[in-house]
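Results of the structural survey
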Amino acid sequence: MRVRRRSHLRVKNAAIVFVGLLPMIALGGYVGIIGYIGADLTSFSYEMKVNPEADFAPLDSINATRLDEIADRLEWRMDAWHTPINLTIGTTFNATTGEWVSYDNTDNGALWTGTALAAECMRYSVLADGQAKLNSSALIHKLVSGMANLLRIPNGGLGPEYPGMLARFYASPEMRANFSWMFNDNFKHFNGTGPYSQWRVRLYTSKDEIGGYLLGLAAAQYFIKDDPWVQGILKLMIAQLANGFLATFYQEMHGDGTPCGAQLNPLFGSGTEWKLLVMKLAANAFPDNLEYQRLYNYYAAKELALLNANTNGDFNTLDQYYGYNFGHDVVFGLVLAENNSVLREKYIRNYEKCYRIWENHRNAWINAIYLAMCALRPVNQAAYNLPRIKWDVLDQLWWFNRSNWVPIDTSYGGDGHATNRISAGGDWVTVDPKIAKWQNFFYGTAIGSWFRWIPEQLFKGLLTTRYVKAARVDMYEVTSFLWDRNPFMEDGLHTGNVYGGPGKIDEHSGTSFTAPYWVLRAFGYITATEVS
Amino acid sequence: MRDYIEKNSTPATVDGLLVPDARKKTLKYLFLSIGLVLVSVSVVLMIIGVDLGVSITVGLSAFNLSPILYFLVLFLGLWLTAKFFTIAPYQLRENSLTRRSVDQYRETVDRQVTFFSLSRSRLAATLLFLTIAIVDIHFLTLHIGTPADMEIGGAYNGTGTAVVLGGVSFFYPVGLPLLIAGVSLAIYLAFARFYGRFARSDNFLYFHEFRIGVPWLTEIPRAHLEAVRYQNTHLGPKVLWACFLVPYAIMVLQYGIPLFNQPRAETDTLPIMMTLSALGAILAIIPLLFWPQDYFEIASKDMLYEMWLAPTMNMFGVRDQIIRLLGFSVLPRPERKRRGLRRTSLSYERTPTTSMMSGISPTQREFTQVLLGAILLFVGILGAFANLFFGMLFWAGAATYGTFLLARGTLSDFSNRDGTKVTQAEDGAFQYVRRFFRKFQFVLFPKTNNVTVENRARKLEAVDIIAIAWIVALGVYQTVLGWIITDITIPLLLWEAIGTTLVLGVIVLFVVAYFIVPSSHVVVKSATIMHAIPVSPEGTAWGTLRHLKSRAKNAWQDPASRKAVLFRVIVLMSIGIIAAVVAAIALFV
């Protein structure tokens, strides 16, 4: 029997509520400690400010014409060597003869092709009519075709009447010799559907892929308005993707007909920009289909997506940094797709509130996206110093030239040739001391053992060495896209893992350079001849 | 303890039992001392971080059990410390450990009832939860990771991955919540079941509970009784079941239903299990919310005694006896009619001094709460499954509160035909009896100062205040935000905005009709208690929706009602206005 003094009812009721809430309070305390650890570990990235005067090349030493030449050369090599099946991919050459040897494996065909398409669309938008523009148009057609196949092959066709499963990569039977890995047994590999049943698709598609893919669609929709073929096929792709997501409640499906875990619904309130972008692309592509616009409004206003769309946290600074890259693809895509100036400004303002996370990362792609957003504002009201950010991007791009890293392969910069931090010395080798502190907490205390699963299983990079100063381009490893790597972990001490082994040169598409470069060009920050 | 017994107590000796007792005081301080020592030891051990060297491996990580032991010691210490505040300082026994024997009682009992209490509705829900969870484990597995991973939970069996890429099997978001609910409920059931012996003597009521083998006795001096309420319509904290089960079921269905007939799927195991789990949760709402256990409260001048019970065998007979023991002059059990049908009217132990109160309908019909619940549930379902009118935060709250209102309305707003009896005896004793099929609610005031029938605003429970504020704030917020971004030149979008506004208006209207505009109550006042019971006034058996305008007008003319109505209207409008302003600003900051 519960016996209470009536004069103490309020106090006892409050005590009962408190006791009832104890499990939630305990859980909240536990999560709070995790948040505190994260905040403490990320604090270094705010403390070591970028120092342009000390670290950047003087602006007048950066040659705009040379940057333009590099961009053109990389686009040419993209067309010639990195799009064999209309998806971007790394390529291996014989180090002695320079002859083509093989194409690399990839898990991110959709992501990097989408990014490359976005870069090419921006290039297309600034080129004057002529052969260069025709070449650009041809490359866009190739990339759009490849991206369309990522929907067509797994689903048996292209258009809204087909399911919306998106592949990471594909290969036809005829391509088996060059892409034999696609025909190996792997839980991600399945046959295509219908007329493509002999083709192979790589599934278990992640949000990385979807993010890059959506950026490609958004960029093509925004920049290539004068090409009916592109707009026509885009409509089919967007309708198939949007209807597919609507049919599965925004769950990406795996090849066995079950969800693979990637889904676009906001998790704990964050990530609302994904559904918004999908539906905005559909509303733009089908202005007469009011249901798309209605759903977009519903997500924006009723699910309150517009309040925190394009926001982010700083945990990825510690682990899974690549999440920032494809996250920014969606952020950028949404700002491009949104044609309502009030909503666009809201999304930019949301983003700007988080930009301090990346302010000292020296990430040229993220910085370029922020510059692009600010250029889309009717009035310059940036909360950050845009000329300094532009200088940051240009300095990083210029390092491609200074380190002779064009094309982006293992013969010039990168593996075995990158500048390592030890030789650079000074503050380049300062490691965040808080890592050791928390290492001791996790492994040196009894209470820490209750949090040990976080570095062991959840964020495996949590206790990895992080330098307090963000890396320069010449310290990065050769990779598909430099800007999805953690700039505080790049140490320049790369071991030279090259596809094909010794005697080979591994070359990646030049999107690491072209994506940020063409943003600066497309949004008027630089020209082919002027950087200031 | 034997020397405490004083047979045939008189009121004077009853009062003497409330004099502070030295031994009880010593006991209280003993608990306090031991409790504080344990609390201090645990805190010191935690701060120093002493490692007892005991660990357990879960998944791939080892967890040191030392902190858990410290926490257990801490909670034990806190529990003992709390005893200092809960042990009665006088001889009268309140939850005192005693022997089982009736000899323990101070006086010879003249009436007693023994029973076994085990909630069958909770048991049904427990079995349902556990069965579904076990089936979920079997079909969805405990797998964690990508299909290539084997380390945790065994091999992937082709039933999908949830939450994130390479995340967990669908058992974790779908079956695990039900498993936790089932296990928690099973543990609760084990502790809540008890053998009970309630008894009455000349001067005392005795409540003897035998829980997990330990007998606890509480004595209540009958002379101190001021009010008694016995019912099986009280929900109390059961609203938490709605808070868990309704959003859970809706979200699982949201994710699960689209997975049927996926082009590449070889089986529908996953969507079937998701649908089954959601339906199981919905089914469990029925016993958990619509079949609450019996609950009684006894109030004296200083104390409040409460108990949940669920007699399992001879339920009606036990209830009869408890009701008599508590002093009601009514037989709650419907008398058997031919072929097992039950007669719905009540039998009374009529006394010549008892008279029925006038102005109160003997048939209670109040549809407003049930209708509001249905509307909220329907709007919630529309939002969740058709993306219509309101978004997630609103629909989750609306569907949850709507379900709760449906349950509470069904339990408390209706009676059988002639099933409500409000009586007052010449000696001032007041009795309220309402019966609706197997549901009953009895209220007894042995002595009253004043009993009236008057219009007053309904009492708001904490859940009402929170839910209404939540629904109105989010409803207004989303509606205003919707209007701001809507291109009103597009008819479909315009109609959606208008529709949202109208739906919100209807909801607010019902809230006003039920919770703000005064309605008929029997107001009973005793020496220290004022208790208002909602009733249907005579001749208006269809609830507060009818004559809303005239009732509002009457309330406005009555100064006392006007003040209460104004306060609630102002609070409601303030919530709406603040939400609207915040929504308008939100887009531009």
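First, a word on what this report is: a plain description of the structure on this page. Please read all numbers here as calculations on a predicted model, not as lab measurements.

**Re the pairing of strand S3 (residues 100-103) of chain A**
All names here are of chain A. Judged from the three bridges that link them, strand S2 (residues 91-94) and S3 form a sheet pairing that is antiparallel. Within S3, the residue paired with Thr91 across the bridge is Tyr103. The antiparallel hairpin formed by S2 and S3 contains five residues in its connecting segment, where Gly98 sits at a positive phi of about 80 degrees.

**Describing the pairing of strand S8 (residues 259-263) of chain A**
Residues and elements named next belong to chain A. A large share of S8 lies buried, amounting to five of its five residues. Relative to S8, strand S7 (residues 251-253) runs antiparallel, the two being bridged by two bridges. Opposite Met253, over in S8, you have Pro259 as the bridge partner. Linking two consecutive strands that pair antiparallel, namely S7 and S8, is a turn of five residues; a positive phi of about 80 degrees is found at Gly257 within it.

**With respect to the pattern of salt bridges**
Residue and element names in this part refer to chain A. Throughout the structure, instances matching the rule amount to 41 salt bridges over all chains. Note that Asp395 is salt-bridged to Arg362, the shortest N-O span being 2.7 Å. Residue Asp395 is located in helix H15 (residues 386-402), and its partner Arg362 is located in the loop between helix H13 (341-354) and helix H14 (364-376); the two are separated by 33 residues in the primary sequence.

**A closer look at the sheet that holds S3(A)**
Within a sheet, adjacent strands bond to each other through the backbone by hydrogen bonds, running parallel or antiparallel. All names here are of chain A. Strand order in the open sheet formed by three strands is S3-S2-S9, with antiparallel pairing between adjacent strands. Two strands in the sheet have a free side with no partner beyond their single neighbour: S3 and strand S9 (504-507). Between one strand axis and the next, the sheet turns through 25 degrees on average, direction left out of account. In this structure, S2 lies alongside S9, joined through four bridges in antiparallel fashion. Considered in S9, the bridge of Thr91 is made with Glu507.

**Digging into unusual backbone geometry**
All names here are of chain A. Of note, the amide linkage connecting Val406 to Pro407 takes the cis form, showing an omega dihedral of 0 degrees. For Pro407, the location among the structural elements is in the loop between H15 and helix H16 (421-424). Positive phi, close to 55 degrees, is recorded for Tyr204, a residue that is not glycine. One can find Tyr204 in the loop between strand S6 (200-202) and helix H7 (207-223). Using a relative accessible area of 1% as the deciding quantity, one classes Tyr204 as buried.

**Describing the interface of chain B and chain A**
Between chain B and chain A, the residue contacts involve 85 residues of the former and 69 residues of the latter. Summed over both sides, the interface of chain B with chain A buries roughly 5,900 Å², with 60% coming from carbon and sulfur. For A:Arg294, the salt bridge identified is with B:Glu496, shortest N-O distance 2.7 Å. On the surface where chain B and chain A come into contact, there are 39 residue pairs in polar contact (both at pLDDT 80 or more). Pairing of strand S1 (residues 2-5) of chain A with strand S10 (residues 303-309) of chain B, which is carried by four bridges, proceeds in the antiparallel orientation.

**Some words on the environment of B:Asp149**
All names here are of chain B. By the secondary structure assignment, Asp149 is in the loop between helix H4 (120-140) and helix H5 (171-192). Judged by its relative accessible area of 26%, Asp149 falls in the partly exposed class. It is 21 Å that separates the C-alpha atoms of Asp149 and Glu266, two residues lying 117 residues apart in sequence. The residues contacting Asp149, other than those within four sequence positions of it, are His143, Ile144 and Gly154. At a separation of 2.8 Å, a polar atom in the side chain of Asp149 contacts the main-chain amide nitrogen of Thr146.

**Some thoughts on the sheet that holds strand S6 (residues 204-211) of chain B**
Residues and elements named next belong to chain B. An order of S3-S7-S6-S5-S4 is seen for the five strands of this open sheet, with the pairing classed as antiparallel. In this open sheet, the two edge strands, each paired with only one partner strand, are strand S3 (96-97) and strand S4 (111-117). In this sheet, strand S5 (residues 194-200) lies alongside S4 in antiparallel orientation, the contact comprising seven bridges. By the bridge assignment for S5, Phe116 is matched with Tyr195. In the packing of helix H8 (residues 315-326) onto the sheet, the strands contacted are S4, S5 and S6, and the crossing angle to S4 comes to about 135 degrees.

What counts, and where the lines are drawn
Residues numbered from 1 in each chain as written. Chains lettered and ligands numbered in written order. Predicted model: local features only at pLDDT ≥ 70, side-chain atom pairs only at ≥ 80, totals over all residues. Heavy atoms only, no water. Pairing = 2+ DSSP bridges. Helix = DSSP H or I, 4+ residues; strand = E, 2+ residues; numbered from the N terminus. Buried < 20%, exposed > 50% of the residue type's maximum accessible area, 1.4 Å probe, protein only. Salt bridge = Lys/Arg side-chain N within 4 Å of Asp/Glu carboxyl O. Axes fitted to C-alpha atoms, helices over the stretch in contact; angles between N-to-C directions. Contact = heavy atoms within 4.5 Å. Buried area = accessible area lost by both parts, 1.4 Å probe. Polar contact = N/O pair within 3.5 Å; in protein donor to acceptor, adjacent residues only side chain to side chain.

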